[in-house]
Structure formats: C-alpha cells, structure tokens
Amino acid sequence: MERGTCAEVEALIAAVPLPALVIGSTQKVEAMNPRGAALLGAACLGRHFTTGLRHPKLVEAVEHCLQDQVPRDVSYQIVDSGSEMHYDVHIHAIAGSDLILLSFENATALAQAEQMRRDFVANVSHELRTPLTGLIGFIETLRGPAREDAKARERFLGIMASEAERMNRLVAGLLSLSRVEADGRLRPTTRLDLRRVLQSVLANLDPLARESRVDLQYSPPEAPLWITGDSDQLLQVFTNLVENAVKYGGADQRVEISVQNLPHDPVLRGPAIAVTVRDHGPGIDPIHLPRLTERFYRADSHRSRELGGSGLGLAIVKHILNRHRGRLRVASEPGQGAVFTVVLPPAQTPESDKN
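All values reported here derive from a predicted model rather than from experimental measurement.

> What is the right way to look at the overall build of the protein chain in this model?
Counting its secondary structure elements, the protein chain contains ten helices and twelve strands. The C-alpha radius of gyration computed for the protein chain amounts to 29 Å, which surpasses the reference 20 Å derived for 355 residues by more than 25%, pointing to a less compact arrangement than a globule. Its C-alpha atoms give the protein chain principal-axis dimensions of about 85 × 75 × 35 Å. Within the protein chain, buried positions represent 37% of all 355 residues. Taking the intrachain contacts of the protein chain between residues at least 6 apart in sequence as the baseline, contacts between residues at least 24 apart amount to 58%. Looking at the protein chain as shown, the accessible area adds up to about 20,300 Å², and 51% of this sits on carbon and sulfur atoms. Taking the average location of the 40 positive side-chain charges in the protein chain and that of its 43 negative ones, the two points are 3 Å from each other.

> Can you help me understand the pairing of strand E11 (residues 327-332) in this one?
Every other side chain in a regular strand lies on the same face of the sheet, so the side chains alternate between the two faces. Bridge count for E11 against strand E12 (residues 338-344) is six bridges, and the pairing is antiparallel. Considered in E12, the bridge of Arg 329 is made with Thr 341. Taking the residues that link successive antiparallel strands as the turn, the E11-E12 hairpin has five residues, and the phi of Gly 335 there is positive, at about 85°.

> Before we go on, may I ask you to explain the pattern of salt bridges in this structure?
Two side chains with opposite charge may pair up if their charged atoms get near one another. If you walk through the whole model with that rule in mind, you get eleven salt bridges. Residue Asp 252 is joined to Arg 213 by a salt bridge in which the shortest nitrogen-to-oxygen separation is 2.9 Å. Placement of the pair is Asp 252 in the loop between helix H7 (231-249) and strand E9 (253-265) and Arg 213 in the loop between helix H6 (194-211) and strand E7 (214-218), with a sequence separation of 39 residues. It is possible to trace a salt-bridge network through shared partners that takes in Arg 254, Glu 256 and Arg 278.

> What is the right way to look at the packing of aromatic side chains in this model?
Ring pairs (aromatic) are described by centroid distance and by the angle formed between their planes. A full pass over the atoms with the stated rule returns two aromatic pairs. Aromatic side chains Tyr 76 and Tyr 87 sit 5.9 Å apart centroid to centroid with 25° between the ring planes, which places their arrangement in the stacked category. With Tyr 76 in strand E3 (residues 72-80) and Tyr 87 in strand E4 (residues 83-93), the pair connects residues that are eleven residues apart, well separated along the chain. Ring centres of Phe 138 and Phe 156 lie 5.0 Å apart, and the angle between their planes is 35°; on these two criteria the pair is classed as tilted. Taken together, the positions of Phe 138 in helix H4 (residues 108-143) and Phe 156 in helix H5 (residues 150-182) put the pair 18 residues apart, joining distant regions of the chain. The same class applies to Phe 138 as to Phe 156, namely buried. In this arrangement the basic side chain of Arg 191 is found over the ring face of Trp 226, its NZ or CZ atom lying 4.5 Å from the centre.

> I would appreciate a short explanation of the sheet that holds strand E1 (residues 20-23) in the present structure.
Backbone hydrogen bonds hold the strands of a sheet together, and the pairing may be parallel or antiparallel. Strand order across the open sheet formed by five strands is E2-E1-E5-E4-E3, with antiparallel pairing between neighbours. Here the strands that pair on one side only, and so sit at the sheet edges, are strand E2 (29-32) and E3. In this sheet, neighbouring strand axes are inclined to one another by 25° on average, regardless of whether the strands run parallel or antiparallel. Two elements, E4 and strand E5 (residues 100-106), share seven bridges in a ladder whose sense is antiparallel. Bridge pairing in E5 links Ala 93 to Ile 100. Packing against the sheet, helix H3 (residues 56-68) makes contact with E1, E3, E4 and E5, and its axis sits at approximately 150° to E3.

Conventions used here
- Residues numbered from 1 in each chain as written.
- Predicted model: local features only at pLDDT ≥ 70, side-chain atom pairs only at ≥ 80, totals over all residues.
- Heavy atoms only, no water.
- Helix = DSSP H or I, 4+ residues; strand = E, 2+ residues; numbered from the N terminus.
- Rg over C-alpha atoms; globule rule 2.2 N^0.38 Å.
- Buried < 20%, exposed > 50% of the residue type's maximum accessible area, 1.4 Å probe, protein only.
- Contact = heavy atoms within 4.5 Å.
- Areas by Shrake-Rupley, 256 points an atom, 1.4 Å probe, with all protein chains shown as cover.
- Lys, Arg positive; Asp, Glu negative; His and termini not counted.
- Charge placed at Lys NZ, Arg CZ, Asp CG, Glu CD.
- Pairing = 2+ DSSP bridges.
- Salt bridge = Lys/Arg side-chain N within 4 Å of Asp/Glu carboxyl O.
- Phe/Tyr/Trp six-rings, centres within 6.5 Å; stacked < 30°, edge-to-face > 60°.
- Lys NZ or Arg CZ within 6 Å of the ring centre and 35° of its normal.
- Axes fitted to C-alpha atoms, helices over the stretch in contact; angles between N-to-C directions.

Shown next as structure tokens:
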C-alpha cells in the first residue's frame, strides 16, 4: 500500500464511529482506528489478520472477501471477563484498491434484549400452561365420569375457580407491569404525604392480617413525610411488601412497619426517607436475594403459588421505585425473618414553606 493511500485509509477509518481495521492483499492488518486497537489489541497492526481475528466464521469470511471483493456480514460471540459479548462484523471491499474494511458493531444489548424476550415468553407460557392444563382436565372429567356426581362436581368447580383466578392475577400483573414500564421515564410531579399512603395500606390489609393472625405494628411519625410521587403506584408498592410480610411471615407473628428520615443516603447521594417492612417468618436464603426482583423469580415456588403469588410483585415494585428515583433493599437470613426497605428522596421544600 502506497504512503499516500495509507494516510488516506487511516484518515478514513479514524472517522468510523465503530471499531474498524483495514486488511490488505497480503492478509496483514494495514490500519486500525483507536476503537479497533482497544477491541483487538494494537499488536495486530502490521501482522497477519488471524492474530486478532480468531473466530473461524470471521476468518473464513475475510478470506473469501479478499478473493472475490463481495461484502459480507458475520456475527460471533466471545467471552470477555466472564461476560458473553456479541458482535456483528461488516466486511466491505474499498473501491479502487485491494483493501477490505472491517467494522465491529457491539450487538450485546440487542442479543440480551432478545434473550429476555424469549425468557419472558417462555415464563408466561409456563405460568399459564399449568392452570390451563388443570382446567381442561377438570372440564373433561365433568363432562364424563363426574357428570352425575354432585360432590365431585362441587369440588372440581372450586378448584377450577381457583385456577381461573390464578390466571386472572397473572394477566393483571402483566398489565400492571406493562403500564409501570410505559410510565418509567415520566417522573411523578404530585407532592404528597407518605404517611397517608401507609395508613391506607394498613387499613386495606387489616382484614387479611386479622384472618392470618398477624399483628401489624406501625407508629406513624408526627411530622409529614413529603415526597414527590404517584400515590396509586406507591400504594401498590407498600401493599405488595406488607401483604408479602403477612403471608410469608406466618400466623401468630407480627409485621413491623417503621419510618426513618436519613440525613444522607449514599446511593441517593442526599437526604432520604426509609420505610422498613420487617417480618419474623422463616426468612430467605441469601442466595435468592439478588434475583428477587426478576420477573417470575420465586425463592419458594411451591409456597408462592399456594399463597397466590404471580412472581411479578417485586418486579413491579422495582420499576415503580426506579420511576420515583428510589431503591429497594432486602436483608434476610433463614430463620431470622426478612427486612424490605424502601428508600425514597424527600420532596423539595416549597418556597412558601421556607418563609
């Protein structure tokens, strides 16, 4: 490659916004931009292209393009620092020369999104398949052997109603999650007193607590807890957390709800309001804690289904708190109960309150 041509090619690929390199007819790397050097290593420059490009599909595509000058696209995966990375490589011949240009597009985010979509569809299908299979089986039984059996019919209809309600909760949870995600980038603007939200939650869940023989303990602070938020969504957050504490904490126990004003929270980088919901049940193995807010993840799948859980509640909580610039913290050990803490930024004090 002539000196003038080399300078022109280097100037060309320096302007490419993706990692890029140029390979000549001698199969050596003639030029690289800084992004290409960062991805493949600067030592590749001036050496055979296989020094940096080791994936068989990519090597084969480069060899063919050097021979026939036909553009090609290749996708490949590598493991970098324990994480799988996906790249789409675009191979094009540079007109009027014997050079080919390779540009590398990081497609990891797209691949992860596609995998999440597949996992989501598989999870929803799995969650719906079990109650649907049960309903179909009971319907066939009622049409056949149990047609004239009044006791069996009554029992089967009760189970069918329970399975139908389970599917209804799942669909309601999916719709709620969809709405929360759609509003995720719209910050709430309403100034409200968090004490009223907590009082509504406790009033709504008092019948469930009495039925479960659980003592709800809450002493509201005297001063207002002003935050900027969506009252309906925050009601959903604390209803989920307190209801879970009542259900999973077990009968003849207590659930404690406490509020604390934090002068400085390291994550929010400023003052914060922390609301803690603590139960005294069997607790959660720490191995499950990092995944509790994933969709459909359950620390105890069998017990969760028995108690009517959809596996979406904490995922919804996480999305709502993200919208409110808040955080959810979970601490638990087997036999020591569970502690769920919601941390929210306080509302800015209006000028009228300062005067």
